[in-house]
Amino acid sequence: MDMLQRTISIIIVLLIIVFGAIWLRGNGQNGTVTVSPSPSAAVTITATATASANPLIEVTLPHADSLVTSPLTVTGQARGTWFFEGQFPIRLVDATGKEIARGTAQAKGEWMTEEFVPFEGTLTFSKPSTTTGSLIAQKDNPSGLPQNDQSISIPVRFQ
């Protein structure tokens, strides 16, 4: 049953990502979400700019489908446009969508650029009742305009 729940959770997350990308395309955003379910690969979100893909964020830890414990350190790199005031929100949700941790990822360099900037954030949480969940990294959107919203969801497992 655990393997079935895990498979269903992964399928649901991937469907959400695909439908989100379709929605972004239909609302004037050229967003293509690419998620690698390989446990050893970074998870990347890209936006298509003209003919070439232009990655916006790459989460290097945790990997997709990783076993995570508290405190969870989140690392990677993102374009400076993903940050506001050198940070962006990160959240951890269980398989039901209930938020179990919220925090910020901090830029580890000059963020006022369109280039990649390393980031790191830590989330502390109590073990949830579900065995799976998702890490969500959100582009900071101080405007509050829905067309500026972007996020990446990475499936994780809880120990």
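Since we're looking at a predicted model, the values are computed, not measured. (Residues numbered from 1 in each chain as written. Predicted model: local features only at pLDDT ≥ 70, side-chain atom pairs only at ≥ 80, totals over all residues. Heavy atoms only, no water.)

### Quick notes on the overall build of the chain
Put simply, the rule is: Only runs of H or I of at least four residues qualify as helices and only runs of E of at least two qualify as strands under DSSP, and these elements are numbered from the N terminus.
Regarding its fold elements, the chain presents one helix and ten strands. Each helix (α) and strand (β) of the chain, taken in turn from the N terminus, gives the series α-β-β-β-β-β-β-β-β-β-β.

### Observations regarding the nonpolar core
To be explicit about the condition: Buried Ala, Val, Leu, Ile, Met, Phe, Trp, Tyr and Cys residues that are joined via side-chain atoms within 4.5 Å together make up what is termed a nonpolar core. Categorising residues by exposure relies on relative accessible area from a 1.4 Å probe, with only protein chains included: less than 20% of the type maximum marks a residue as buried, more than 50% marks it as exposed, and the intermediate range marks it as partly exposed. Throughout, a contact is declared for two residues whenever any of their heavy atoms are within 4.5 Å.
The biggest cluster of nonpolar side chains holds 28 residues, and the ones touching the most others in it are Ile-57, Phe-83, Phe-88, Leu-92, Phe-119 and Phe-125. Listing elements by their share of this core, those giving two or more residues are β3 (52–61), β5 (72–79), β6 (87–94), β7 (99–107), β8 (116–123), β9 (132–138) and β10 (151–158). With sequence-adjacent residues up to four places away left out, Phe-125 is seen in contact with Val-68, Thr-69, Ser-70, Leu-72, Leu-92, Ile-100, Ala-101 and Phe-158.

### A short note on the side chain of Asp-65
Within the secondary structure layout, Asp-65 lies in the loop between β3 and β4 (66–68). Owing to a relative accessible area of 9%, Asp-65 belongs among the buried residues under this scheme. Once residues within four sequence positions are removed from consideration, Asp-65 is found in contact with Arg-6, Ile-10, Pro-155, Val-156 and Arg-157.

### Quick word on the packing of aromatic side chains
In this description, a pair of aromatic rings is defined by centroid distance and the angle of the planes. The test is simple: Any Phe, Tyr or Trp ring, taking Trp's six-membered ring, that has another such ring centre within 6.5 Å forms a pair; planes under 30 degrees apart are called stacked, those over 60 apart edge-to-face, and the others tilted.
Inspection of the entire model under this criterion finds four aromatic pairs. Their ring planes at 80° and their centres at 4.9 Å tell us that Phe-88 and Phe-119 sit as a pair that is edge-to-face. Here Phe-119 lies in strand β8 and Phe-88 lies in strand β6, a separation of 31 residues in the sequence. Here Phe-119 falls in the buried class, since its relative accessible area comes to 3%. Members of the aromatic cluster, connected to one another through ring pairs, are Trp-82, Phe-83, Phe-88 and Phe-119.

### Here we look at the pairing of β5
Successive residues of a regular strand alternate their side chains across the two faces of the sheet. Applicable threshold: Paired strands, in this sense, are two strands between which DSSP finds at least two bridges.
Counting buried positions along β5 gives six out of eight residues, so the element sits mostly inside the fold. Summarising the sheet, β5 and β8 pair through eight bridges and their orientation is antiparallel. Bridged to Val-74 within β8 is Gly-121.

### Points about the pattern of salt bridges
The condition that has to hold: For salt bridges, the criterion is a side-chain nitrogen of Lys or Arg within 4 Å of an Asp or Glu carboxyl oxygen.
Applying the stated criterion across every chain yields a total of two salt bridges. When the shortest N-O distance is used, the salt bridge between Arg-91 and Glu-99 registers 3.2 Å. The exposure class of Arg-91 is buried, given its relative accessible area of 18%. As a salt-bridge pair, Arg-102 and Glu-99 come within 2.9 Å of each other at their nearest N and O atoms. Overall, the relative accessible area of 56% leaves Arg-102 in the exposed class.

Just geometry here; none of it tells us what the structure is for.
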